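Coordinates in review
These are the residues of each chain, in order.
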Amino acid sequence: MTVLNALRAELAAATNRLLATTAALSGSDVTAPSLLPGWTRGHVLAHIARNADSHVNLVTWAKTGVYTPQYPTHEARETEIAEGAGRPAAEQHADIAASAARLDDAIASMPAPAWAATVGGLNGGGHPAWYILVRRIREVEIHHVDLDAGYTWAAWPEPFVWRELHDSMAAWPREQSPVGALHAGGRRWTGLGDGPAVEGPPGAVLAWVAGRLPSRDLGEVVRLRDEPAGRAEGDDQPGPGRLRLAGKPPAAPRWPATAPPGLPATPPEEYP
């Protein structure tokens, strides 16, 4: 057994939650602003659908060995999103369902050896094909929140949260980091750069990392704390000389684009 079955089940569940949300949207809902600057909900929905088809391209690349880019160009990607943004709610919902089904069919027909093939996204950087599933789950979960239609970071499933925190920390841009450590749910990532630590519930910390944490939660749900040098590993208890409330966290560095380094070529038994 490998992680593939678990990831496919996780993707199916995430897609079903998204479809439940899109089925309830009306025409005016689709034209309302999303949480992404300059994008309506229609832009987000069009992107989610076309992103599914872009992952079909990556599966095709892995399956055939013939280079098949995720998107032809950045400009083509933006054009597809803009052209699809104004469609009625029912059409958007049907498109997301159909494109998700196409991706599921492509994944189901993937020969086992092909999961070890190297593919890559529009922003460069190759990764083994099995990681396509992780990337698609990320797109569905993050953009479901971006719709601002009732689904928030607090609803993210625990396996998704821990995996994304793991991958984000593995690819953390230390030279751009405004913080030195992250504390979430009893786990700590240190050596991220110079500065204090960000701490909070795992889902909220991931939302901060991904730039999806509402400003009202900064300093309340997720906090910035000083972390003096020399603290004992695993010592998460505040106290004199240990942790001191420092204020609201700054913006996180740009979220890592595709995949962390050092992924196993073949699907592991579990990930991370």
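Only a predicted model underlies this, so the values are computations on that prediction, with no experimental measurement involved. (Residues numbered from 1 in each chain as written. Predicted model: local features only at pLDDT ≥ 70, side-chain atom pairs only at ≥ 80, totals over all residues. Heavy atoms only, no water.)

**Focus on the overall build of the protein**
Of the regular secondary structure elements, the protein holds eight helices and seven strands. Against the 2.2 N^0.38 benchmark of 19 Å for 272 residues, the protein shows a C-alpha radius of gyration of 20 Å, consistent with a compact globule. Of all 272 residues assigned to the protein, the portion counted as buried reaches 50%. About 12200 Å² of surface is accessible on the protein, with carbon and sulfur atoms providing 54% of the total. Counting 24 positive and 30 negative side-chain charges, the protein places the centres of these two groups 2 Å from one another. (Helix = DSSP H or I, 4+ residues; strand = E, 2+ residues; numbered from the N terminus. Rg over C-alpha atoms; globule rule 2.2 N^0.38 Å. Buried < 20%, exposed > 50% of the residue type's maximum accessible area, 1.4 Å probe, protein only. Areas by Shrake-Rupley, 256 points an atom, 1.4 Å probe, with all protein chains shown as cover. Lys, Arg positive; Asp, Glu negative; His and termini not counted. Charge placed at Lys NZ, Arg CZ, Asp CG, Glu CD.)

**Examining helix H4 (residues 74-84)**
Buried within H4 are the following residues: Arg-77, Ile-81 and Gly-84. All buried residues of H4 fall inside an arc of 75 degrees around its axis, so they share one side. Residues of H4 that are exposed and point more than 90 degrees away from the buried face comprise Glu-75 and Glu-83. Each element contacted by the buried residues of H4 is listed here: helix H3 (41-64) and helix H5 (89-108). (Arc of directions from axis to C-beta. Contact = heavy atoms within 4.5 Å.)

**Digging into the nonpolar core**
Core analysis: the biggest nonpolar cluster contains 70 residues, and Trp-130, Trp-156, Leu-165, Leu-182, Trp-208 and Val-209 have the highest contact counts within it. Contributions of two or more residues to this core are made by helix H1 (4-23), H3, H5, helix H6 (131-146), helix H7 (158-170), strand S3 (181-184) and helix H8 (202-209). At nine residues, the largest contribution of residues to this core is made by H3. What Leu-165 contacts, discounting residues up to four positions off in sequence, is Ala-184, Trp-189, Pro-202, Val-205, Leu-206 and Val-209. (Core = buried A, V, L, I, M, F, W, Y, C linked by side-chain atoms within 4.5 Å.)

**Examining the layout of surface pockets**
To locate leftover empty space, one rolls a probe as large as a water molecule over the atoms. In this structure, the largest pocket spans a volume of roughly 940 Å³. Every residue lining the largest pocket is counted, 38 residues in all, and those nearest its centre are Glu-139, Ile-142, His-143, Arg-212 and Trp-255. Here the element with the most residues in the lining of the largest pocket is H6; it accounts for seven residues. For the lining of the largest pocket, the per-class residue count stands at 16 nonpolar, 12 polar and 10 charged. (1 Å grid on protein atoms, 1.4 Å probe; cavity = no way out; pocket = protein on both sides within 12 Å on 5 of 7 lines; lining within 4 Å. Points joined across faces, edges and corners; volume = space filled by probe spheres on them. Nonpolar A, V, L, I, M, F, W, Y, C, P; charged D, E, K, R; others polar.)

**Points about the environment of Pro-250**
Its place among the elements puts Pro-250 in the segment after strand S7 (244-247). As for Pro-250 and Pro-178, which are separated by 72 residues in sequence, their C-alpha atoms are 7.1 Å apart. Apart from residues lying up to four places away in sequence, Pro-250 is in contact with Pro-178, Val-179, Trp-208 and Leu-224.

**Section: the packing of aromatic side chains**
Tallied over the entire structure, the rule returns seven aromatic pairs. With 5.3 Å between their ring centres and 70 degrees between their planes, Trp-130 and Tyr-271 make a pair best called edge-to-face. Taken together, the residues Trp-130 in the loop between strand S2 (126-128) and H6 and Tyr-271 in the segment after S7 connect sequence positions 141 residues apart. The burial state of Trp-130 is the same as that of Tyr-271; both residues are buried. In this structure an aromatic cluster arises from ring pairing among Trp-130, Tyr-131 and Tyr-271. For Arg-138, the ring lying beneath its charged end belongs to Trp-255, and the centroid distance is 5.8 Å. (Phe/Tyr/Trp six-rings, centres within 6.5 Å; stacked < 30°, edge-to-face > 60°. Lys NZ or Arg CZ within 6 Å of the ring centre and 35° of its normal.)

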